[in-house]
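Single-letter residue listing:
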Amino acid sequence: MTTEVTTVGPDTPFKAVAILLATWNISGAPVVDDDRLVLGVVSQGDLLEREAPHGLLKPGSRQAKRKAGAAFVADLMTKPAITVRADDDVTVAAKLLEEHHFHRLPVVDDEGKLVGVVSRSDLLRVFLRTDREIRDEVREEVLLREMTMDPASLYVSVHNGIVTLNGTVERESMIPVIVALIRRVDGVVEVRHTLKGQFDDRGVSPVPPGSVGILSSHKPHN
């Protein structure tokens, strides 16, 4: 996503928005309040509907009447805004862009505050990463940094975004974690593996701590 985002407030005048979008050559902008909560989105389409509402909107509809006399963003914007969260999978964003025919989506945090914007070109760029870049991130970030494993202990190959893993890890429970982390790497299309665990700990329940040591097995002396 892009974190440097051009935004407008609900009280921004119509003409100012038109100049802003044209100057920055963007199709739309998130509408936020003083706390950066996303209230809606104003686009070039919204501006056109304001100028010719009866040609683009259902005549007599509430939306047509509202936009026909709109002077400020609050009456022009499309609301509520369709947003995605920063930790959503890229496929979620891609699906929303396709379903709603949008060019970009606001990205929000857990409180609904704007943290960035993701566009069609951003999503495309993810899948333009080279296989070498993906492999390096799997080895250095996932295996070494996140799983604290020696990357050389596993065979890792990437072809057309498909990651293949072979080898043995310490515990069976590590395998789904490794696979899940790799799937989150930008550019990964699929993960295939024949990983095995040296120890099958999937059905092992944790042992509650008990008393240990000398004092635990002997009564204290008077």
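Residues numbered from 1 in each chain as written. Predicted model: local features only at pLDDT ≥ 70, side-chain atom pairs only at ≥ 80, totals over all residues. Heavy atoms only, no water.

Draft legend 1. Molecular detail of the pattern of salt bridges. For the coordinates displayed, the defined rule picks out eight salt bridges. Between Arg-171 and Asp-201 there is a salt bridge, with its nearest N and O atoms 3.5 Å apart. Taken together, the positions of Arg-171 in strand β7 (residues 162–171) and Asp-201 in the loop between β9 (196–199) and α10 (214–217) put the pair 30 residues apart, joining distant regions of the chain. For Arg-171, a relative accessible area of 32% translates into the label partly exposed. A relative accessible area of 15% places Asp-201 in the buried class. (Salt bridge = Lys/Arg side-chain N within 4 Å of Asp/Glu carboxyl O. Helix = DSSP H or I, 4+ residues; strand = E, 2+ residues; numbered from the N terminus. Buried < 20%, exposed > 50% of the residue type's maximum accessible area, 1.4 Å probe, protein only.)

Draft legend 2. Looking closely at helix α8 (residues 131–146). Bending of α8 peaks at approximately 25 degrees at the position of Val-138. Burial in α8 covers these residues: Ile-134, Val-138, Arg-139, Val-142 and Leu-143. Looking at the buried positions of α8, the neighbouring elements they touch are β6 (154–159), β7 and α9 (174–183). Among the residues trailing α8, Thr-148 stands out with phi positive, at a value near 50 degrees. (Bend = angle between axes of the 7 residues up to and from the residue. Contact = heavy atoms within 4.5 Å.)

Draft legend 3. Examining the pairing of strand β8 (residues 190–193) more closely. The pairing of β7 with β8 spans four bridges and is parallel. The residue of β8 that forms the bridge with Val-163 is Val-191. Handedness of the β7-α9-β8 crossover: right-handed. (Pairing = 2+ DSSP bridges. Right-handed = clockwise from strand over helix to strand, strands pointing away.)

Draft legend 4. Up close: the nonpolar core. If you look at the biggest cluster of nonpolar residues, it comprises 21 residues, and the most contacted ones within it are Met-149, Val-163, Leu-165, Ile-178 and Ile-182. Among the elements of the structure, α8, β6, β7 and α9 are those that each provide at least two residues to this core. For this core, the element with the most residues is α9, which contributes five residues. In this structure Ile-178 touches Val-142, Leu-143, Met-147, Met-149, Leu-165 and Val-169, once residues within four positions along its chain are discounted. (Core = buried A, V, L, I, M, F, W, Y, C linked by side-chain atoms within 4.5 Å.)

Draft legend 5. Representation of the sheet that holds strand β5 (residues 114–119) within the structure. Reading across the sheet, the three strands line up as β3-β4-β5 and stay open at both edges, with mixed pairing between neighbours. Looking at the sheet topology across the chains shown, the edges are occupied by β3 (84–85) and β5. Pairing of β3 with strand β4 (residues 104–108), which is carried by two bridges, proceeds in the parallel orientation. Bridge assignment links Arg-85 to a residue of β4, and that residue is Val-108. Helix-sheet contacts for helix α6 (residues 90–100) involve β3, β4 and β5, and the interaxial angle to β4 is about 140 degrees. (Axes fitted to C-alpha atoms, helices over the stretch in contact; angles between N-to-C directions.)

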